[in-house]
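# Chains, contacts and geometry: an overview
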Amino acid sequence: MKKEESGFDSDQLVEIEAGQRAGIDVSQYANKEFLAIQMRQIRQGLEEGLDVSVYAKTDYDWFQMEEIREGLKTGVDIGKYASPEISYDRMRQIRKGLRQGIDLSPFSKLDPRVLRQLRKAYVSHVNIVEYVQKGYKAEQLEPIRMALERGLTIPDFLTKEFRGVAIREICLGLARGIDVGFYAQIDFSWQQMREIRMGLEKRIDVTEYAKHLFSWQQMREIRLGLEEGLDVSPYRSLMYTATDMRRIRKQLLEELTQGTVVQRKKTVHHKEFDITISSDELEAHIVVKGSADTEYSFDEVKKALKKEGIVSGIQKEEIRRMLKEKRYQQPVLVAKGMPAKQGKDGWYEFFFRTDLNRTPKLLEDGSVDYQSVEWFELVEEGQKLAYYHEAKKGEVGFTVTGRMLTAVNGKEQKVLSGRGFLLLEDKKTYMAAYNGKVELRGSKLDVSKICIVPEVTQATGNIEFDGCLYVKGDIGRGTTVHATEDIVVDGVVDAASITCGGNLLLRRGVNGIGDESIESHIEVAKKVEGKYFEGVKVTAGGDIHANYCLNCDLHAGDKIIISGTKGVLAGGTARALKEIQSHSIGNRAQIVTKLYLGKTETMNEEKHRLEKKLKEVLKELTILNNAYEKYKKKYEPEVRNSMDIYLRIEAAIYTKEQQKKKIENLQKRNMEEMKQIEGAKAVVQGTLYEGTIIEIAKNRWEASEMKNVTIQREGQRVTVSRN
């Protein structure tokens, strides 16, 4: 079909011809009133076997068509949103909600960003409808939703006048247990709120600067000074700009940290006396000249000292004793200053062990003793976890010349953040909110709920727990165990299924060999550690560590490490992104052992998915730009700028450009991840046996027996080198 004969433009003809090649009924969209990009959505729906009649209408723009098409594909009730009056972004939130079992259609007139927050709130089982009805905006609703999800008392401090960023500052303060009443005031900007919050977290006296007339930049300079232990009174005034404050603060800090430069030890010679002032001006000595017949008065000595500027710390009794005993021709201490006494920093006293040994003990043969790992410490509800001891102020000193020596105050420590504890009204005492395991990481204190069971068998039933799980005994055959956080098992796991959202520690191991009707499967979000694995499928987001693996299917998001001079990885498959390490791989019987290193199928699939998506977006951008130029040529600016279709095309181009940037960023990240694993390798300290097959990024290599080698890829081939 020729453009001149058909009346269709070139982009429309491309879509019609694509449909004809696919063998679909192009009559459903071969309409000059459809833009090429609308035709594209109808064509794709027909190729997917969908009933396009519900959206093959000129009333719908291409984005609306796409949302209806996606709804038809996933089987949701499109009648809830398939209306030309509902914009595509509202359609999208309703469609996503329907897929999650949530009907947002009664709210279809709301801002799509508000709909998004409503949908997320329903998923998290919190109610923000009250705030939606009061007219809160999306940027306010997001921190409110997140606060309610965390159980924070945000409703006590809310007002519609707060911007979303201000509400976020209040939420951050509530999460850290500080008194947000200091700054949850409408007269403060969110930046001022941030400065007060940061000061409260560092336990400094925020009343020094929590005043509305200070700009947030001035607040920052006062806060930093207080955190550094400075006396901020020399610059805590509205007469100083933030720049002035910064200059004075740095000057004060320099004086405190470096000290005032003074001359070397100074000796002044008089007819009657020699007076020496120490270099730090903290001591002054006098040598009285003359013989035993010479008489001097106290006032004469004091006058001589004053003449040299020695006015403080005068040792009156020592001077009188010197004159009485006529200790002449020898130095006598006659004035003594007082050095500034530095304040003591604030510190936490913890009432649980913070130095648990989470690193397993290495045995003489290089294997790992998982019995020695101290994974956690248990606490009970109401147990005192920590107490904060406040910083002490410094004490001012002075020199013999009367110069005051400013002291640095002790620095306060940051308020502990985390979960599972209560900060009492004194803002110093931390108590466990419930029974669980306690952990300190930096300034983060976490108490996780923990379930402790003696064993798991078919008689006790399966375990599913929201928190950490500790099994003191065995996990029996055919059972299922799930925890959202860490799992620790003291006993043996016998052909069971274990999943957890944290780390898994098996002090003994897993025996999945036996009854083939029962699949032994372990799936862990982070790291897996166990003494041995036999006949089990293990999938870990991080490393897999063991002393022995036989006939397993191992998938590690990072490394597989088999420890010890008796460490063996034999039979089955082992997949790791970066490294597989073992003393021996395979065995003398040449059991088939397959190792896969480097890029995974998932990463390749993501790479191809992004390439396909980018190609699609670029094609749609071309169609939109062509239509945009067509309208620009056909209509004058004052005409086209009032045309709804032209404005929609203009907006769609911007949206597609943003999609393009997002995909390109994802591609860049994907490429960086793939580049990081280009150096993937297998390291064998002992024997690599025949029967082992190693594949690195689809480059296959079959081993013959050899010792102490590293196998990795160079270019398009697998190479072997001696360790």
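Placed above this text is the structure.
These remarks concern the structure in this document. In this convention, every chain numbers its residues from 1, walking through the sequence in written order. Note on the predicted model: pLDDT of at least 70 is required for a residue's local features to be given, and 80 or more for side-chain atom pairs to be given and counted; whole-chain, interface and lining totals, by contrast, use all residues. The basis for every side-chain value is the complete set of non-hydrogen atoms in the structure, without hydrogens or water.

Structurally, Glu-318 is set in helix H14 (residues 316-325). With a relative accessible area of 24%, Glu-318 lands in the partly exposed category. Considered as a pair, Glu-318 and Ser-582 are 264 residues apart in the sequence and their alpha carbons are 78 Å apart. The criterion used for residue contact is that any of the two residues' heavy atoms lie within 4.5 Å. Aside from chain neighbours lying at most four places away, what touches Glu-318 is Arg-327, Val-332 and Leu-333. For the purposes of these results, a polar contact is taken to be a pair of N or O atoms within 3.5 Å, where, inside protein, one atom must be able to donate a hydrogen and its partner to accept one; residues adjacent in sequence count only when each atom of the pair is a side-chain atom. In terms of polar contacts, Glu-318 uses its side chain to reach the side chain of Arg-321, at 2.6 Å. Looking at Glu-318, its side chain comes within polar contact range of the side chain of Arg-327, at 2.9 Å. Strands are runs of DSSP state E lasting at least 2 residues, helices are runs of H or I lasting at least 4, and numbering of each runs from the N terminus. Here's how the labels work: a residue is buried when its accessible area is under 20% of the maximum for its type, exposed when over 50%, partly exposed in between, all with a 1.4 Å probe on protein chains only.

What follows is about the pairing of strand E16 (residues 444-453). Most of E16 is tucked away: seven of the 10 residues are buried. Paired strands, in this sense, are two strands between which DSSP finds at least two bridges. As paired strands, strand E12 (residues 417-419) and E16 are joined by three bridges and run parallel to one another. Bridge pairing in E16 links Arg-419 to Asp-446. Where strand E15 (residues 436-441) meets E16, six bridges bridge the pair, whose relative direction is antiparallel. Residue pairing across strands places Glu-439 opposite Asp-446, the latter belonging to E16. Examined bridge by bridge, E16 and strand E18 (residues 468-471) share four bridges and lie parallel to one another.

This part takes up the pattern of salt bridges. Salt bridges are defined by distance alone: a side-chain nitrogen of Lys or Arg within 4 Å of a carboxyl oxygen of Asp or Glu. Taken as a whole and assessed by the stated rule, the structure comprises 56 salt bridges. We note a salt bridge from Glu-67 to Arg-95, for which the minimum N-O separation is 2.7 Å. Taken together, the positions of Glu-67 in helix H4 (residues 62-74) and Arg-95 in helix H5 (residues 88-99) put the pair 28 residues apart, joining distant regions of the chain. Take Glu-67 and Arg-95: they sit in the same class, and that class is buried. When the shortest N-O distance is used, the salt bridge between Lys-202 and Glu-227 registers 3.5 Å.

So, about the sheet that holds strand E5 (residues 347-350). The strand order across the open sheet built from four strands is E5-E9-E14-E13, with neighbouring strands paired in antiparallel fashion. The sheet is open, and its two edges are formed by E5 and strand E13 (421-423), each paired on a single side. Between one strand axis and the next, the sheet turns through 20° on average, direction left out of account. Across three bridges, E13 lies against strand E14 (residues 429-432) in antiparallel orientation. Across the sheet, residue Leu-423 finds its bridge partner in E14, namely Tyr-430. Here, axes are lines fitted to C-alpha atoms. For helices the fit covers the stretch in contact, and angles between N-to-C directions go from 0 to 180 degrees.

Strands sit in the order E1-E2-E3-E4 across an open sheet of four strands; the sheet is antiparallel. One side of each edge strand has no neighbouring strand; the edge strands of this open sheet are strand E1 (266-269) and strand E4 (332-336). Across the sheet, the axes of successive neighbouring strands diverge by a mean angle of 20°, strand direction being ignored. Of the pairings in the sheet, the one linking strand E2 (residues 273-277) to strand E3 (residues 283-288) comprises five bridges and is antiparallel in character. Residue Asp-274 lies in a different strand from E3, and its bridge partner there is Val-287. Across the sheet, helix H13 (residues 298-307) touches E2, E3 and E4, and the angle it forms with E2 is around 45°.

Our next topic: the pairing of E18. Burial of E18 is two-sided: the residues Cys-468 and Tyr-470 facing one way and the residues Leu-469 and Val-471 facing the other way are all buried. Two strands pair when backbone bridges link them, and E18 and strand E20 (residues 487-489) are joined in this way by three bridges, in the parallel orientation. Counted as the bridge partner of Val-471 is Val-489 from E20.

The next thing to look at is the packing of helix H15 (residues 601-634) against helix H17 (residues 644-676). Packing of H15 against H17 brings their axes to within 9 Å, and their N-to-C directions diverge by 155°. Relative to H17, the element H15 is oriented roughly antiparallel. In the crossing of H15 with H17, the sense of the turn from one axis to the other is left-handed. We call Asp, Glu, Lys and Arg charged. Ala, Val, Leu, Ile, Met, Phe, Trp, Tyr, Cys and Pro are nonpolar, and the rest, Gly among them, are polar. For the contact of H15 with H17, the class distribution of residues is 19 nonpolar, five polar and 12 charged. Relative orientations are named as follows: roughly parallel for angles under 35 degrees, roughly antiparallel for angles over 145 degrees, roughly perpendicular for angles from 65 to 115 degrees, and oblique for any other angle. If you view the pair so one helix is near and one far, a crossing is left-handed when the near helix is turned anticlockwise from the far one by less than a right angle, and right-handed when it is turned clockwise.

Turning to the packing of helix H8 (residues 138-149) against helix H9 (residues 164-175), a few remarks are in order. The packing of two helices is summarised by the inter-axis angle and the distance between the axes. The N-to-C vectors of H8 and H9 enclose an angle of 15°; their axes lie 7 Å apart at closest approach. In terms of their interaxial angle, H8 and H9 are classed as roughly parallel. Crossing angle aside, the handedness with which H8 passes H9 is left-handed. Of the residues in H9, those in contact with Glu-139, Gln-140, Glu-142, Pro-143, Ile-144 and Ala-147 of H8 are Gly-164, Val-165, Ile-167, Arg-168 and Cys-171. Taken together, the residues of the contact of H8 with H9 sort by class into six nonpolar, two polar and three charged.

By themselves, these figures tell us nothing about what the structure is for.
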